[in-house]
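# Understanding the architecture of this molecule
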Amino acid sequence: QVQLVESGGGLVQAGGSLRLSCAASGSIFSVNAMGWYRQAPGKQRELVATITSGASTNYADSVKGRFTISRDNAENTVYLQMNSLKPEDTAVYYCNANTREWGTFRYLEVWGQGTLVTVSS
């Protein structure tokens, strides 16, 4: 199986920065797109940013110009650099990856356990 482990969440003041990391491990044959999603209290999970294996990126309008997604294909790791954080960025951030395991022929979605980001005003 493939697992995703996130790190880097925490408490930060408005205007500050945090960097999230997510490493995929396990029986990985290939990793296609990777991304970050978030879920604030009482709200649905929403897309933050995605990145393909070819480094094409997509961002939610609310984070454009403030967040940057990147990845290290050799390490199967995706990062989210978050700058100019706002209280409304407070949420649990989840890593997502489209992965294919050795011995299989399908890509499956895998989710991390989530990491809490709290931005104080």
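All values reported here derive from a predicted model rather than from experimental measurement.

### Details of the pattern of salt bridges
Scanning all chains against the criterion turns up 4 salt bridges. Measuring nitrogen to oxygen at the nearest pair gives 3.1 Å for the salt bridge that ties D61 to K64. Taken individually, D61 and K64 each receive the classification exposed, so the pair is uniform in this respect. Members of the salt-bridge network, linked through shared partners, are R38, E46, R66 and D89.

### As for the layout of surface pockets
Taken as a whole, the largest pocket holds about 180 Å³ of empty space. Forming the boundary of the largest pocket are 14 residues, of which R38, K43, E46, E88 and D89 lie nearest the centre. Along the lines of polarity and charge, the residues of the lining of the largest pocket split into 3 nonpolar, 4 polar and 7 charged.

### Observations regarding the pairing of strand β11 (residues 115-120)
Residues of β11 alternate between two faces, with T115, V117 and V119 buried on one and L116, T118 and S120 left unburied on the opposite face. Looking at chain direction, strand β2 (residues 10-13) and β11 are connected through 4 bridges and run parallel. The residue of β11 that forms the bridge with Q13 is S120.

### A closer look at the nonpolar core
Grouped together as the largest cluster of nonpolar side chains are 31 residues, with contacts concentrated most on W36, L80, M82 and Y93. Of all the secondary structure elements, the ones that give two or more residues to this core are β1 (2-7), β3 (18-26), β4 (28-39), β5 (46-51), β7 (67-72), β8 (77-82), β9 (91-101) and β11.

### Thoughts on the pairing of β8
Extensive coverage of β8 is indicated by the burial of 5 of its 6 residues. Summarising the sheet, β3 and β8 pair through 6 bridges and their orientation is antiparallel. Each residue of the ladder has a partner; that of C22, found in β8, is V78. Bridging between β7 and β8 involves 6 bridges; their strand directions are antiparallel. Residue pairing for β8: T68 is matched across the bridge by Q81.

### Topic: unusual backbone geometry
Negative phi characterises most residues that are not glycine, and trans characterises most peptide bonds. Look at A55: it is not a glycine, yet its phi comes out positive at around 75°. The residue A55 is located in the loop between β5 and β6 (57-59) in this model. Note on A55: relative accessible area 48%, which makes it partly exposed.

### Some details on the environment of L108
Residue placement: L108 occurs in strand β10 (residues 108-111). In contact with L108, not counting residues within four places along its chain, are A97, N98 and T99.

Conventions used here
Residues numbered from 1 in each chain as written. Predicted model: local features only at pLDDT ≥ 70, side-chain atom pairs only at ≥ 80, totals over all residues. Heavy atoms only, no water. Salt bridge = Lys/Arg side-chain N within 4 Å of Asp/Glu carboxyl O. Buried < 20%, exposed > 50% of the residue type's maximum accessible area, 1.4 Å probe, protein only. 1 Å grid on protein atoms, 1.4 Å probe; cavity = no way out; pocket = protein on both sides within 12 Å on 5 of 7 lines; lining within 4 Å. Points joined across faces, edges and corners; volume = space filled by probe spheres on them. Nonpolar A, V, L, I, M, F, W, Y, C, P; charged D, E, K, R; others polar. Helix = DSSP H or I, 4+ residues; strand = E, 2+ residues; numbered from the N terminus. Pairing = 2+ DSSP bridges. Core = buried A, V, L, I, M, F, W, Y, C linked by side-chain atoms within 4.5 Å. Contact = heavy atoms within 4.5 Å.

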